[in-house]
Amino acid sequence: MKFFIDTANLAQIKEAQDLGVLDGVTTNPSLMAKEGIKGQENILKHYVDICNIVTGDVSAEVISTDFDGMVKEGEALAKLHPRIVVKIPMIKDGVKAIKYFTEKGIKTNCTLVFSAGQALLAAKAGATYMSPFIGRLDDVSTDGLNLIEDIRIIYDNYGYETEILAASVRHPMHIIECAKIGADVITAPLSAITALLKHPLTDIGLAQFLADAKK
Ligand code: G3P
């Protein structure tokens, strides 16, 4: 399973990259705003800065909602760096734009997926990645992990190559459950990734080993 970090914070991206387990980055307009990145020029420069830190795919989201706008924006994003993936919302014109970029050989990440039907459409359009938001489904008392299970079955039934990128991951158990189900990718905050490191018996055992080594 690939590990992506879900942030636009350069320090956190670097920390995850240095850990040696990072396969890519996802961003969205909210994450960019959180870092105070404003204005088209600064936003584009920030994507390039991210690409220069990591070795994997970097999702950069369009903000247009019509086909022509998404194509124009997506083409400009794709030109920034070979590892940029154009992130496109699951709306009617978004599906058309994904199909367009697929035919041009430009990678896409279909975002804001909340149902199996949406996931099926994203795969049929040829999306490289498809992002179901599991945490936000949990927030409205709907099991986000059940959706990942359903999509896994559907994609396997037909051999769709679109990768299931579990997004809106909130904690380490989301990551572990996604791995059990067979999600291709998770994107998570650094805190959820580093939480996988922690176990009290590791700390106790290490303290004991270090104490015994001094004897
Ligand atoms: O990748 C999508 C993700 O950023 C959404 O996460 O925590 O805002 O639901 P969250």
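If you're wondering where the values come from, they're calculated on a predicted model, not measured in any experiment.

Chemist: Could you give an account of the packing of helix α6 (residues 116-125) against helix α8 (residues 144-158), with specific residues and numbers?
Modeler: Between α6 and α8, the least distance of the axes is 10 Å, while the angle of their chain directions is 40°. Considering the angle they form, α6 stands oblique to α8. As for the relative orientation of α6 and α8, their crossing is right-handed in sense. Residue-level contacts link A116, A119, L120, A122 and A123 of α6 to L147, I151, I154 and Y155 of α8. Of the residues contributing to the contact of α6 with α8, the split by class is 9 nonpolar, no polar and no charged.

Chemist: Explain the site of the ligand residue by residue, including any values.
Modeler: Near the ligand you find D6, N28, K87, F133, R136, A167, S168 and R170, and these make up its full shell. In the model, an oxygen atom of the ligand is placed 3.0 Å from a nitrogen or oxygen of the N28 side chain. With respect to the ligand, the side chain of R170 contributes an N or O atom lying 2.9 Å from an oxygen atom. Notes on the ligand: free accessible area 310 Å², of which the protein chains cover 81%. Residues of the shell around the ligand, tallied by class, amount to 2 nonpolar, 2 polar and 4 charged.

Chemist: Could you give an account of α6, with specific residues and numbers?
Modeler: Listed as buried for α6 are A119, A122, A123 and A125. Looking straight down α6, one finds that the buried residues subtend no more than 165° of arc, so they occupy a single side. As for α6, its buried residues are in contact with α5 (92-103), β5 (108-113), β6 (129-132) and α8.

Chemist: Can you lay out the pattern of salt bridges for me, pointing to particular residues and giving the numbers?
Modeler: Inspection of every chain in the model, using the stated rule, returns 13 salt bridges. K99 is paired through a salt bridge with E103; the nearest N and O atoms lie 3.9 Å apart. Within this pair, K99 and its partner E103 are both found in helix α5, separated by 4 residues, close to a single helical turn. Residue classification places K99 among the partly exposed residues on the basis of a relative accessible area of 41%.

Chemist: Pulling in residues and values, what's your account of the packing of helix α1 (residues 10-19) against helix α3 (residues 40-53)?
Modeler: Closest axis-to-axis distance for the α1/α3 pair is 10 Å, and the angle between their directions is 15°. Between α1 and α3, the interaxial angle falls into the category roughly parallel. Judged by the twist between their axes, the crossing of α1 over α3 is right-handed. Touching L10, I13, K14 and Q17 of α1 are H46, D49, I50 and I53, all from α3.

Chemist: Could you give an account of the sheet that holds β6, with specific residues and numbers?
Modeler: With parallel pairing, the 8 strands of this closed barrel are ordered in space as β1-β2-β3-β4-β5-β6-β7-β8. Neighbouring strand axes in the sheet, compared pairwise and without regard to direction, differ in orientation by 30° on average. Both strand β3 (residues 57-61) and strand β4 (residues 84-89) contribute to a ladder of 4 bridges, which runs parallel. When the sheet's bridge partners are listed, E61 is paired in β4 with K87. The strands touched by α6 within the sheet are β5 and β6, with β5 carrying the most contacts at an inclination of about 165°.

Rules used in this analysis
- Residues numbered from 1 in each chain as written.
- Predicted model: local features only at pLDDT ≥ 70, side-chain atom pairs only at ≥ 80, totals over all residues.
- Heavy atoms only, no water.
- Axes fitted to C-alpha atoms, helices over the stretch in contact; angles between N-to-C directions.
- Helix = DSSP H or I, 4+ residues; strand = E, 2+ residues; numbered from the N terminus.
- Parallel < 35°, antiparallel > 145°, perpendicular 65-115°, else oblique.
- Left-handed = near helix turned anticlockwise from the far one by under 90°.
- Contact = heavy atoms within 4.5 Å.
- Nonpolar A, V, L, I, M, F, W, Y, C, P; charged D, E, K, R; others polar.
- Near = heavy atom within 4 Å.
- Polar contact = N/O pair within 3.5 Å; in protein donor to acceptor, adjacent residues only side chain to side chain.
- Areas by Shrake-Rupley, 256 points an atom, 1.4 Å probe, with all protein chains shown as cover.
- Buried < 20%, exposed > 50% of the residue type's maximum accessible area, 1.4 Å probe, protein only.
- Arc of directions from axis to C-beta.
- Salt bridge = Lys/Arg side-chain N within 4 Å of Asp/Glu carboxyl O.
- Pairing = 2+ DSSP bridges.

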